[in-house]
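Coordinates in review
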Amino acid sequence: MMSLNVLCAFLVSLSVVCATEVTQCKATSKSKPAMTEGVLGECVTPPCAFKRGEKTWINMTFTAEGNHAKLSNNIFATMMGVRHGYPGLNGINACTFITPACPLKNGEKYKFAIELDVKKNFPKVSVPLHFAIKDDDIGGDIACFECTIKIV
């Protein structure tokens, strides 16, 4: 019986996804990002490896601080002082990736989940990745984290 309990505990531990060590974004005059938990693929400690030519995923869990209806992805990497929006994902409707569905209601918990294509032509570099949901009406991020990624 004990070996069955150990086996069950092991199988449950395999299904648990650990949060990645991320940095919460700072508040600005237009944004007061909610505290978030971020998960980048299977990465726990940055820099998180993103393999060229493969897909990875990012999950973010947050509690809405206010009511929000019109949201967009604000995903970019900064390289040599220049912001580069994530191809095909930056600036598009974020509600597509949020559950429960938009509009967001103050005090409720939400999950944002997205799959990223790591393009074969991405340069092999380590860069900070800014991952946020922006309220288009106020022009600021409502949920956000940053984490260093390494393109390999």
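Since the model is a prediction, treat every value here as computed from it, not as a measurement. (Residues numbered from 1 in each chain as written. Predicted model: local features only at pLDDT ≥ 70, side-chain atom pairs only at ≥ 80, totals over all residues. Heavy atoms only, no water.)

1. A look at the pairing of strand E9 (residues 126-135)
- With seven of its ten residues buried, E9 lies for the most part within the structure.
- Strand direction decides the pairing type here: strand E5 (residues 71-79) and E9, joined by seven bridges, are antiparallel. If you follow Asn73 over to E9, its bridge partner there is Ile133.
- When E9 meets strand E10 (residues 140-151), the two strands line up antiparallel, connected through ten bridges. (Buried < 20%, exposed > 50% of the residue type's maximum accessible area, 1.4 Å probe, protein only. Helix = DSSP H or I, 4+ residues; strand = E, 2+ residues; numbered from the N terminus. Pairing = 2+ DSSP bridges.)

2. Observations concerning the environment of Lys70
- Relative to the assigned elements, Lys70 resides in the loop between strand E4 (55-63) and E5.
- The spacing of Lys70 and Lys134 is 64 residues in sequence and 8.5 Å in space, taken between C-alpha atoms.
- Not counting residues up to four positions away in its chain, the partners in contact with Lys70 are Lys134, Asp135, Asp136 and Asp137. (Contact = heavy atoms within 4.5 Å.)

3. Comments concerning the nonpolar core
- Core analysis: the biggest nonpolar cluster contains 35 residues, and Leu40, Phe50, Ile58, Phe112, Ile114 and Ile133 have the highest contact counts within it.
- Elements with a contribution of two residues or more to this core: strand E3 (48-50), E4, E5, strand E8 (109-117), E9 and E10.
- Of all the elements, E10 adds the most residues to this core, at six residues. (Core = buried A, V, L, I, M, F, W, Y, C linked by side-chain atoms within 4.5 Å.)

4. A short note on the environment of His68
- Following the sequence through the fold, His68 ends up in the loop between E4 and E5.
- Sequence separation of His68 and Ile138 is 70 residues, and the distance between their C-alpha atoms is 9.5 Å.
- Setting aside residues up to four positions removed in sequence, His68 forms contacts with Pro103, Leu104, Asp135 and Ile142.
- For His68, the side chain forms a polar contact with the side chain of Asp135, separated by 2.6 Å. (Polar contact = N/O pair within 3.5 Å; in protein donor to acceptor, adjacent residues only side chain to side chain.)

5. Details of the packing of aromatic side chains
- Overall, the coordinates contain five aromatic pairs when judged by the stated rule.
- Between Phe97 and Phe112 the ring centres are 5.6 Å apart and the planes differ by 50 degrees, which places this aromatic pair in the tilted class. Pair noted here: Phe97 is in the loop between strand E6 (82-85) and strand E7 (98-99) and Phe112 is in strand E8, with a separation of 15 residues, a long-range link. For the residue pair Phe97 and Phe112, the accessibility class agrees, reading buried in each case.
- Both rings, one in Phe112 and one in Phe131, keep their centres 5.4 Å apart while their planes meet at 75 degrees; by these two values the pair is edge-to-face. Separated by 19 residues along the polypeptide, Phe112 in strand E8 and Phe131 in strand E9 bring together distant segments of the chain. No difference in accessibility class separates Phe112 from Phe131, as the two residues are buried.
- By the ring-pair criterion, three or more aromatic residues cluster together here, those being Phe97, Phe112, Phe131 and Phe145. (Phe/Tyr/Trp six-rings, centres within 6.5 Å; stacked < 30°, edge-to-face > 60°.)

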